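The residues making up each chain are set out below.
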Amino acid sequence: MTMKIYLINPKTPENFWAMRGALDIVGKHKTLMQNTALLTLIALTPGDLDVEYIYCDENIAPINWDIECDLVGITGYTLQFERMGFISARFREHGRPVAVGGIYATINPDNAKKICDHLFIGEAEYTWPQFLRDWVQGSAKTVYEQETFVDIKDSPAPDLSYIKAENYHYFSLQTSRGCPNNCDFCDVVRITGRKYRSKTIDQIMLEVKNAHAFGAETIFFSDDNFVVNRKFTIELLQEMIKWNRTLDMPVSFSTQATVMIGADEEIVKLLADARFRVIFLGLETINKDCLEEVNKGQMVQYDPFQVIPRISRYGIIPFIGMIVGFDHDTPAVFKEIEDFLDKTASPFASISVLNAPNHTPLYERMKNDGRLVEDFRGFWHLTTNIIPKQLTPHELYFGQKQLFKKLYEPEHFERRVIGWLKNVKYFPDIYSTRKKNLFRMVMIIKIFCHFTLRVPAPVRRMFWNILKETWRIDPRLISRAVSLLVQYWHYYDFSHKESDEKMGLDGKDGAQVPDESILMGKHA
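Rules and cut-offs
Residues numbered from 1 in each chain as written. Predicted model: local features only at pLDDT ≥ 70, side-chain atom pairs only at ≥ 80, totals over all residues. Heavy atoms only, no water. Helix = DSSP H or I, 4+ residues; strand = E, 2+ residues; numbered from the N terminus. Rg over C-alpha atoms; globule rule 2.2 N^0.38 Å. Buried < 20%, exposed > 50% of the residue type's maximum accessible area, 1.4 Å probe, protein only. Contact = heavy atoms within 4.5 Å. Lys, Arg positive; Asp, Glu negative; His and termini not counted. Charge placed at Lys NZ, Arg CZ, Asp CG, Glu CD. Pairing = 2+ DSSP bridges. Axes fitted to C-alpha atoms, helices over the stretch in contact; angles between N-to-C directions. Parallel < 35°, antiparallel > 145°, perpendicular 65-115°, else oblique. Left-handed = near helix turned anticlockwise from the far one by under 90°. Nonpolar A, V, L, I, M, F, W, Y, C, P; charged D, E, K, R; others polar. Expected span 1.5 Å × (residues − 1). Salt bridge = Lys/Arg side-chain N within 4 Å of Asp/Glu carboxyl O. Core = buried A, V, L, I, M, F, W, Y, C linked by side-chain atoms within 4.5 Å.

A tally of regular secondary structure across the chain gives 21 helices and 15 strands. Computed over its C-alpha atoms, the radius of gyration of the chain comes to 23 Å, within 12% of the 24 Å expected for a compact globule of 524 residues. The C-alpha extent of the chain, read off along each of the three principal axes, is 70 × 60 × 45 Å. By the burial criterion, 56% of the 524 residues in the chain qualify as buried. Long-range pairs, those at least 24 residues apart, make up 76% of the contacts in the chain with a sequence separation of at least 6. Taking the average location of the 63 positive side-chain charges in the chain and that of its 67 negative ones, the two points are 6 Å from each other.

Now the structure itself:
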C-alpha cells in the first residue's frame, strides 16, 4: 500500500529579504528561492519503501486542504511559525497527522511540539529515513532528535523534479554547515555546530549542474560562512570556473561570508571569475567595543574600510549586514553607520535590532542582568527582547527605522551606487560574449517601463542619472547598474510600506513615544 505524504513550505510573510518588489518588476518568478530542506527529505526516502510525495510551496500555489494523504509534513523559520501552526491545526482537525521540523522546531521544540504529532529536532539526514521505516510499520515516535551533527556528505542532492525553475529567482544550495565562530547573539552554532563540515567538491558540482539543468540562472549558496576552509574554497571555485566557462549562458552565484573574505585577494578574484555577483557580509558593527562585547573580537583585525572596497573593486556587490542596540551603542550609532556606508560606497545594507535568541550566551547574560523581555511580543529584528543600555527604546526603534528609510531614499542610494561603480576595476575576460535570449530582452523592456511609468519622480530621476553616469564611467557596467536598480526598488518600496503598527509603534510619522508595554512586554 502506497503511503502519501503532503510536504508544505508555508507562505512567507512580506519581509526585507523576500525581494517582492524586484520580483514584481521582472514578472517571471513567483518567489525568491525554493525550500531545499523538503526536497532533500524526498531524496532521503529509502528506495524499498512505498512512499509517494505531493509537494506544495504556498508561495507558489495554495494548499489543497482536501487532499488525500496519510501524513502532512511542514517545515519553517521563525517568521513562518504562526502560519505553520494554522496549517497544522487545520489538517489535524480533519484527522491528518502532522510532522514538523526545520529551524524553528529545532530552536523552539517546546512550542513546536504543541502543533504536531511528530517533531523533528536538528538535522534530518538520519532521522527522516528512520521515521519513515517506523511510520510504515505503525511504530513512529512522537519526537525524533538528532543529538549529534551528521556527516553532511551523507546528505543527497535535493530532488528538484517537484518544482519548476521559472517559479524561483534563485536556486538555493548548500556546500557546508557549521561555523567556527561563537558569537554571543547567534543561534547558528546550536543548529549546525561549530565544527565546519563540507560536502565533497563532486557532490557540490553535481548539485550545481542539476540546478542548471533544471533552469537555474542564479544559484545562492546558503552556507552561513562560505569561506572557512581556504584550500577547499579555492579548489571549489576553480572547478566552478572551469565548468561555468563551458556554458553559452554562464550561471551567476551569491552567498554569505564574514568580512575576512575581503582580506584575501586571491579568493576575491576567484569569486569574481566564478561570477559571484553579491556577497552578504555579516559585519554587524564598526565599533570594536561592540564586537568584543558579543565575542566577535576575532573580526577586529579586518578593517572594513579596506576590505569592503576591495570586494567592490572586483565587481562583487557587498551587501552589508548591520546591527544596532549593542551595549556600547549610543544615539550616534545611526549617523556612524550612514557615514560608513557612504565612505565604503556600499549600495545595500540591512539594519537589524540586536536580539537575544533562546539558549544563546547573550540570552543568558541578559536574563542574569535583569534586562531580558520574557514575554516579547514585537517583531524579530525590528524590535528586541533586550532592554537597551545606552539607548532608550524610543531612540533605538525610531533610529533604526529612520536610518533604514534614509539609506534607500533616491539621492542617498544614487550617491552610494555611483561610488560603487567608480570603484569597480576588474572585469573577468575568461568568458565569451554572453548569449542573449528573448526573455532577457523582454525583461529589459519591463524594467525600463517600470522606472519610467510606475515610480515616484525622485526615483525616476535617480534611475536615469545612474544609467547616464554608468555609461560615462564604463559601459560594461550597465547590466550591473540595472540589476542594482531592480533590487533597489524592493528596498525602497519595503521601507515606505513598513508600518508603525507592524513595528509595534504609535504615530504615523514616528513622532510619538512608543507604547513600551507593546514594544517590550514585561521584563524579568
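On to the sheet that holds strand 5 (residues 98-100). With respect to topology, six strands assemble into an open sheet ordered 3-1-4-5-6-7, the strand pairing being parallel. Because the sheet does not close on itself, it has two edges, and the strands there are strand 3 (51-57) and strand 7 (143-145). On average, each strand axis in the sheet is inclined to that of its neighbour by 20°, with strand direction left out of account. Relative to strand 3, strand 1 (residues 3-9) is paired through seven bridges, and the arrangement is parallel. Bridged to Ile 5 within strand 3 is Tyr 53.

This part covers the packing of helix 16 (residues 410-423) against helix 19 (residues 478-497). Where helix 16 contacts helix 19, the axes come no closer than 12 Å and their chain directions differ by 150°. On the basis of their axis angle, the class for helix 16 and helix 19 is roughly antiparallel. Note on packing geometry: the crossing formed by helix 16 with helix 19 is right-handed. Together, Pro 410, Phe 413, Val 417, Trp 420 and Leu 421 of helix 16 and Arg 480, Ala 481, Leu 484, Tyr 488 and Tyr 492 of helix 19 make up the contact between the two elements. Looking at the contact of helix 16 with helix 19, its residues break down into nine nonpolar, no polar and one charged.

We now examine helix 8 (residues 201-213). In this model helix 8 runs 18 Å from its N-terminal to its C-terminal C-alpha over 13 residues, within 8% of the 18 Å that 1.5 Å per residue would give. Looking at the buried positions of helix 8, the neighbouring elements they touch are strand 8 (168-173), strand 11 (218-221), helix 9 (230-244) and strand 12 (252-257).

A sheet is described by the order of its strands in space; here seven strands give the open sequence 2-8-11-12-13-14-15, paired in parallel fashion. Single-partner strands in this sheet number two, and they are strand 2 (31-33) and strand 15 (348-353). Shown here is a sheet whose adjacent strand axes are inclined to one another by a mean of 20°, direction ignored. Those strands touched by helix 13 (residues 333-343) are strand 13 (276-284), strand 14 (317-324) and strand 15, and its axis lies near 170° from that of strand 14. Against the sheet, helix 19 touches strand 13, strand 14 and strand 15, its axis set at about 25° to strand 15.

Turning our attention to the side chain of Glu 414. On the secondary structure map, Glu 414 appears in helix 16. The buried charged residue Glu 414 lacks any salt bridge partner; its closest oppositely charged side chain belongs to Arg 461, at an N-O distance of 7.7 Å. Once you skip the residues sitting within four places of it in the chain, Glu 414 turns out to touch Met 462, Asn 465 and Ile 466.

The next point concerns the environment of Thr 148. Tracing the chain through its elements places Thr 148 in the loop between strand 7 and strand 8. With 45 residues separating them in the primary sequence, Thr 148 and Gly 193 have C-alpha atoms 9.2 Å apart.

Another point: the pattern of salt bridges. Applying the stated criterion across every chain, the model contains 22 salt bridges. A salt bridge links Asp 327 to Arg 371, with the nearest nitrogen and oxygen atoms 2.8 Å apart. Of this pair, Asp 327 sits in the loop between strand 14 and helix 13 while Arg 371 sits in the loop between helix 14 (361-368) and helix 15 (393-407), and the two are 44 residues apart along the sequence. Overall, the relative accessible area of 12% leaves Arg 371 in the buried class. By sharing partners, the salt bridges in this structure join Glu 123, Glu 125, Arg 177 and Arg 197 into a single network.

Glancing now at the environment of Gly 73. Here Gly 73 shows up in strand 4 (residues 71-74). C-alpha of Gly 73 to C-alpha of Ile 25: the two residues are 48 residues apart in sequence and 33 Å apart in space. When residues no more than four places from it in sequence are discounted, the contact partners of Gly 73 are Tyr 6, Leu 7, Ile 8 and Ala 99.

Counting 126 residues, the largest nonpolar core has Trp 128, Ile 219 and Phe 221 as the members making the most contacts within it. Ranked by the residues each element gives to this core, the list is headed by helix 19, at 10 residues. Trp 128 has contacts with Ile 5, Leu 41, Leu 44, Thr 45, Tyr 53, Leu 71 and Phe 120, leaving out every residue within four places of it along the chain.

So, on to helix 18 (residues 457-473). Between the first and last C-alpha of helix 18 there are 24 Å, a value that for 17 residues agrees with the 24 Å anticipated at 1.5 Å per step. Those residues of helix 18 that fall on the buried side of the exposure criterion are Val 459, Met 462, Phe 463, Ile 466, Leu 467, Glu 469 and Thr 470.

Mapped onto the elements, Thr 218 comes out in strand 11. Classification of Thr 218 by relative accessible area gives buried; the value is 17%. In this structure, Thr 218 is in contact with His 169, Tyr 170, Phe 171, Val 251 and Ser 252, ignoring residues within four places of it in sequence.

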